[in-house]
Amino acid sequence: METQTQTRTYAASLDVLEPIRELLTQTGQEVGLNKKQTYGLCLAVDEIATNVIRHGYDEAGITDGKFDLIIEKNGNQLAVTIVDDGRPFNPLEHILPTEEDLSMPLEERAIGGLGVMMARQSVDEFNYEFSENHNRNIFIVKFSNEIEE
Amino acid sequence: MSFTVSSEIVNKVAILSLGGSLDSSSASVFQAEIQKVAGESPTEMVLQVSELTFMASAGLRMIVFAKQKLGPSVQIYLVKPQDQIIDTLQMTGFIHSVHIVDKYPV
């Protein structure tokens, strides 16, 4: 099956979040994702890209960081991969908030982990790989199946 | 769409109108507006969010910030959030800590 791939490179700056969402929204519309799927993809990529920029580059003292966004359409799935060479971070090993954490009154809540949880829950599949000194955060949305509400 | 926020205080109620995309790059603008209205010691906070098209976890953090800044007794209302934002509030349990309403006053 033919795979269509496009790659874009972004500076590791929070200013790029909006153009990335615009690109993903346009791509989602082109391949026929519904509104909920497109939003979920934008949200997931936004959360992880924020972590890459903030923690992978800024806090690691890397000032001129860049990362790639690879969009691949293959059959009935869309895969988006963030490839960066910032500090290694595996979101799958991140401790997620528990049910108890999520039911705490807001003013008492520890707020860590929400972004990673939202990212993982907003796409059909989320994967992480580390190879050749690069983090690869992979988001997959399948567009033949109805997403459960 | 870039983020916009404006605020007013009406009868001790802080009303903030949000539009566009609230992400980690725009959250500080929202935070500054929360700090501004907090100085007036409002009794309730109303977020007009029908024009808010995107909200990342950075936006949720600002809701927590508002609750901490204004005090636990100050209720927070979200007026007409879009479906995807309601999904986020549900996923994160925030839906139990704010009031989702179609209009304010309720």
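What counts as what
Residues numbered from 1 in each chain as written. Chains lettered and ligands numbered in written order. Predicted model: local features only at pLDDT ≥ 70, side-chain atom pairs only at ≥ 80, totals over all residues. Heavy atoms only, no water. Helix = DSSP H or I, 4+ residues; strand = E, 2+ residues; numbered from the N terminus. Buried < 20%, exposed > 50% of the residue type's maximum accessible area, 1.4 Å probe, protein only. Contact = heavy atoms within 4.5 Å. Buried area = accessible area lost by both parts, 1.4 Å probe. Salt bridge = Lys/Arg side-chain N within 4 Å of Asp/Glu carboxyl O. Polar contact = N/O pair within 3.5 Å; in protein donor to acceptor, adjacent residues only side chain to side chain. Core = buried A, V, L, I, M, F, W, Y, C linked by side-chain atoms within 4.5 Å. Expected span 1.5 Å × (residues − 1). Arc of directions from axis to C-beta. Pairing = 2+ DSSP bridges. Right-handed = clockwise from strand over helix to strand, strands pointing away. pLDDT = per-residue confidence, 0-100.

Engineer: Tell me about unusual backbone geometry, and please be specific about residues and values.
Structural biologist: Here Tyr-104 of chain B and Pro-105 of chain B are connected by a cis peptide whose omega angle stands at 0 degrees. If you trace the backbone, Pro-105 of chain B turns up in the segment after strand S5 (99–101). A positive phi is found at Asn-133 of chain A, a non-glycine position, where the angle reads about 65 degrees. Residue classification places Asn-133 of chain A among the exposed positions, given a relative accessible area of 59%. The phi dihedral of Lys-80 of chain B falls on the positive side, at around 55 degrees, and the residue is not glycine. Checked against the element boundaries, Lys-80 of chain B lands in the loop between strand S4 (75–79) and helix H3 (83–91). By relative accessible area, which is 47% here, Lys-80 of chain B ends up partly exposed.

Engineer: Quick rundown of the interface of chain A and chain B? Include the residues and the values.
Structural biologist: At the junction of the two partners, chain A supplies 26 residues and chain B supplies 28 residues. Buried area between chain A and chain B, summed over both chains or domains, comes out near 2300 Å², and the portion from carbon and sulfur atoms is 59%. Counting across the interface, chain A meets chain B through two salt bridges. Among the salt bridges present, the one from Lys-36 of chain A reaches Asp-87 of chain B, with a minimum N-O distance of 3.1 Å. Across the contact surface, chain A and chain B share six residue pairs in polar contact (both at pLDDT 80 or more).

Engineer: Outline the nonpolar core, supporting the account with residue identities and numerical values.
Structural biologist: Ranked by internal contacts, the top residues of the largest apolar core, which has 71 residues, are Leu-41 and Phe-139 of chain A together with Leu-16 and Phe-30 of chain B. At 11 residues, the largest contribution of residues to this core is made by helix H2 (residues 35–58) of chain A. Membership of the second largest hydrophobic core comes to six residues, among which are Val-46, Tyr-77, Val-79 and Val-101 of chain B.

Engineer: Let's hear about helix H1 (residues 27–38) of chain B: which residues, and what values?
Structural biologist: Residue and element names in this part refer to chain B. Taking 1.5 Å of rise per residue, 12 residues should cover 16 Å, and H1 covers 16 Å from first to last C-alpha, within 8% of that figure. If you check which residues of H1 are buried, you get Ala-27, Phe-30, Glu-33, Ile-34, Val-37 and Ala-38. Viewed end-on, H1 has its buried residues packed into an arc of 140 degrees, placing them on one side of the element. Turning to H1, the residues buried within the fold contact strand S1 (4–10), strand S2 (13–22), strand S3 (44–55) and helix H2 (57–70).

Engineer: Could you give an account of the pattern of salt bridges, with specific residues and numbers?
Structural biologist: Going through the model one piece at a time under the given rule, you end up with seven salt bridges over all chains. Lys-142 of chain A is the salt-bridge partner of Glu-125 of chain A, the closest N and O atoms lying 2.8 Å from each other. Here Glu-125 of chain A is found in strand S4 (residues 125–131), whereas its partner Lys-142 of chain A is found in strand S5 (residues 134–142), with 17 residues between them in sequence. A relative accessible area of 30% means that Glu-125 of chain A is categorised as partly exposed. A salt bridge links Glu-33 of chain B to Lys-36 of chain B; the nearest nitrogen and oxygen atoms lie 3.2 Å apart. Taken together, the residues Glu-33 of chain B and Lys-36 of chain B, both in helix H1 and three residues apart, mark about one turn of the helix. On the accessibility criterion, Glu-33 of chain B (12% relative accessible area) is buried. One network of salt bridges, in which partners are shared, links Glu-18, Arg-21 and Asp-46 of chain A together with Asp-23 of chain B.

Engineer: Can you break down the pairing of S4 of chain B residue by residue, with the values?
Structural biologist: For a regular strand, the rule is simple: side chains alternate between the two faces of the sheet. All names here are of chain B. S4 sits mainly inside the fold: four of its five residues count as buried. The sheet contact formed by S3 and S4 spans five bridges and is parallel. Across the sheet, Leu-47 pairs through a bridge with Leu-78, a residue of S4. What joins S3 to S4 is H2, and the crossover it makes is right-handed. When S4 meets S5, the two strands line up parallel, connected through three bridges. The residue bridging Val-79 from the neighbouring strand is Val-101, located in S5. Since S4 and S5 lie parallel, the crossover through H3 that links them has a hand, and here it is right-handed.

Engineer: How would you sum up the confidence of the model for chain A? Please name residues and give values.
Structural biologist: In low-pLDDT regions, the fine details of the predicted coordinates are not to be read closely. This prediction gives chain A a mean pLDDT of 92; 94% of its residues lie at or above 70. By mean pLDDT, helix H3 (residues 99–102) of chain A is the weakest element of chain A at 85, and S5 of chain A is the strongest at 98.

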